[in-house]
Amino acid sequence: MLVDNRNLTMLMDLYELTMANGIFDTELKDTVTYFDMFFRRVPDNGGYAIMAGVEQLIEYLNDLHFDESDIEYIRSLNLFSEEFIDYLKDFKFCCDVWAVEEGTPIFPQEPIVTVRGPAIQAMMVETMLLLTVNHQSLIATKANRIVRAASGRPVMEFGARRAQGADAAYYGARAAIIGGCTGTSDIKTAKDFGVKASGTMAHSWVQLFENEYEAFKTYALKYPDSCLLLVDTYNVLKSGIPNAIKVFDEILKPLGKRPLGIRIDSGDITYITKKVRKMLDDAGYPDCKICVSNSLDEYLIRDMIFQGACVDSYGVGERLITASSEAVFGGVYKLAAVEKDGVVTPKIKISENITKITLPGVKIPWRLYDKETNKAIADVITLNDEKIDESAPYEIFDPVYTWKRKTVTDFTVKKLQSKIFENGKQVYESPKVSEIAKRCKENVDNLWDEVTRFEKPHNYYVDLSQKLWDLRNTLLNKKGE
């Protein structure tokens, strides 16, 4: 669901067009290629990331076309042949695409999106594929960390005004819901994706009135069934809470209504909330919820809880919507194989940096689960002609420290990727965002606690099948000859 009706086909790096034009008149034009998107490191040194952005990738691929103004601009660059420009005029996407479903925990090095199709087309979608999945996976991952830190207390996404532009606010809020947030302050996201809109009032509302009491009174009369007051415009303990209690007593109680809550957006929140909780309880409002905001993140929330803060819910803005602690997800898109006359030739990229050496060939990522606990044991990447037999013991091993081996028994196995396009036609229907969020929670619950902790999480293994490991080593040795 796009923010507007923009044609995003031209949102690509120039080299995608210059490379396509360069091979247009060669035999490589229609060579079938396989490209993998993967990432190399989990943000914030976490134990896992969350897949997101597939629905928007589908929308982009369904709408690939060059309109008249695009063609005029491309011609004006004086870089491209008229034959290639004619090809773009009649462009029709015809690739196969597989992707890990949204809400699934993902790990470094495994293919999370795979594109199979003519080289020209597979190269042309790189930029939008990466920016769509990178952005939303980054925000969903950050949101999930914050939600886990809240230990069951609701977290609302409040970041639209601090996001880097409209798309970042809109799709970032969607990703935050996938990661576990219960609602968003951005009502366009709430409307378009069918999620809860959350919000109260601004300090400016309180300042508009002659005094704080009149501001609270007016709000309570207008919203008696959902009265949540912002109490820190002047002084939380000396005026905000006393005025709130007065309004609850004089306005809501005679109407037979109970206050929804109060919100605090500044100060030493741990200290203040302890005092506020006692004041509300003593006044007969133990059911009045305390919501807090103010540049929160997972570490501040965790510390507040550890220190005994009396908080019922959190509004998290800038540090969530911008993923300010780690602003880049780092997914990349690399050629893995080419196919000609039905023969697949694996390709590998070699680097002095071992983490930048790619995995060759056409691959399938799998997840192994322990039958007794339903916890994820490890992921295994195989070549596409391999299957993992659940009925027999299966040996996994560390692809770097290969002597570290383990034989797995009594397990179930699941393919991680689903096919979303076949020959350019969509073959997958995206679930509702609420369903993706539910899947995310269930899948994270399937990870061991050691993998989900914030500090020095356990290294979740992404292993290679013996056949894939042998192929990679063979290609590495050949390149060294």
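Right above here is the structure, for reference.
Residues numbered from 1 in each chain as written. Predicted model: local features only at pLDDT ≥ 70, side-chain atom pairs only at ≥ 80, totals over all residues. Heavy atoms only, no water.

Here we take up unusual backbone geometry. Located in the positive-phi region is N78, a residue other than glycine, with phi close to 55 degrees. Along the chain, the position of N78 falls in the loop between α3 (68-76) and α4 (82-89). The phi angle at Q109 is positive, at roughly 80 degrees, despite the residue not being glycine. Positionally, Q109 belongs in the loop between β4 (105-106) and β5 (113-118). With relative accessibility at 23%, the residue Q109 sits in the partly exposed group. (Helix = DSSP H or I, 4+ residues; strand = E, 2+ residues; numbered from the N terminus. Buried < 20%, exposed > 50% of the residue type's maximum accessible area, 1.4 Å probe, protein only.)

Right, let's talk about the environment of K246 for a bit. Secondary-structure assignment places K246 in helix α11 (residues 236-252). K246 gets classed as partly exposed once you look at its relative accessible area, which sits at 38%. Taking the C-alpha atoms as reference points, K246 and L14, 232 residues apart in sequence, are found 63 Å from one another.

Turning to the pairing of strand β13 (residues 343-346), a few remarks are in order. Two elements, strand β12 (residues 332-340) and β13, share 4 bridges in a ladder whose sense is antiparallel. Note on β13: the bridge partner recorded for A337 is P346. If you look at the hairpin formed by β12 and β13, you'll find 2 residues sitting between the two strands, and D341 has a positive phi there, around 55 degrees. (Pairing = 2+ DSSP bridges.)

All right, on to the pattern of salt bridges then. Inspection of the entire model under this criterion finds 33 salt bridges. A salt bridge links D192 to K191; its shortest N-O distance comes to 3.3 Å. When salt bridges with common partners are traced through the structure, they connect D44, K142, R145 and E298 into a single cluster. (Salt bridge = Lys/Arg side-chain N within 4 Å of Asp/Glu carboxyl O.)

Let's shift gears to the packing of aromatic side chains. What the rule picks out here adds up to 19 aromatic pairs. Their ring planes at 50 degrees and their centres at 4.9 Å tell us that Y219 and Y223 sit as a pair that is tilted. Classification of Y223 by relative accessible area gives partly exposed; the value is 39%. A connected cluster of aromatic rings, assembled from ring pairs, spans F24, F66, F80, F84, Y87 and F91. Cation over ring: K246 sits above Y213, and NZ or CZ is 4.6 Å from the ring centre. For R405, the ring lying beneath its charged end belongs to F397, and the centroid distance is 4.3 Å. (Phe/Tyr/Trp six-rings, centres within 6.5 Å; stacked < 30°, edge-to-face > 60°. Lys NZ or Arg CZ within 6 Å of the ring centre and 35° of its normal.)

Turning our eyes to something else, we now look at the side chain of R145. The residue R145 is located in helix α6 (residues 126-149) in this model. Here R145 falls in the buried class, since its relative accessible area comes to 4%. A distance of 2.7 Å separates the side chain of R145 from the side chain of E298, its partner in a polar contact. Not counting the four nearest positions on each side in its chain, R145 is found in contact with D44, G46, E298, Y299 and F454. (Polar contact = N/O pair within 3.5 Å; in protein donor to acceptor, adjacent residues only side chain to side chain. Contact = heavy atoms within 4.5 Å.)

Sheet strands pair by backbone hydrogen bonding; their relative direction is either parallel or antiparallel. Across the sheet, which stays open at both edges, the 7 strands sit in the order β13-β12-β1-β5-β3-β19-β20 with antiparallel pairing between neighbours. Each having just a single partner strand, β13 and β20 (425-426) make up the two edges of the open sheet. Note that strand β3 (residues 96-100) and β5 share 4 bridges and pair antiparallel. Across the sheet, residue D96 finds its bridge partner in β5, namely R116. Here helix α2 (residues 54-62) sits on the sheet in contact with β3, β5, β19 (417-422) and β20, set at roughly 15 degrees to β19. (Axes fitted to C-alpha atoms, helices over the stretch in contact; angles between N-to-C directions.)

What follows is about helix α15 (residues 433-445). Compared with the 18 Å implied by 1.5 Å per residue over 13 residues, the 18 Å span of α15 between its first and last C-alpha is a close match. Within α15, burial applies to V433, I436, A437, R439, C440, N443 and V444. Buried residues in α15, looked at end-on, bunch into an arc of 160 degrees, giving them a common side. Exposed and oriented more than 90 degrees from the buried face of α15 are K438 and K441. (Expected span 1.5 Å × (residues − 1). Arc of directions from axis to C-beta.)

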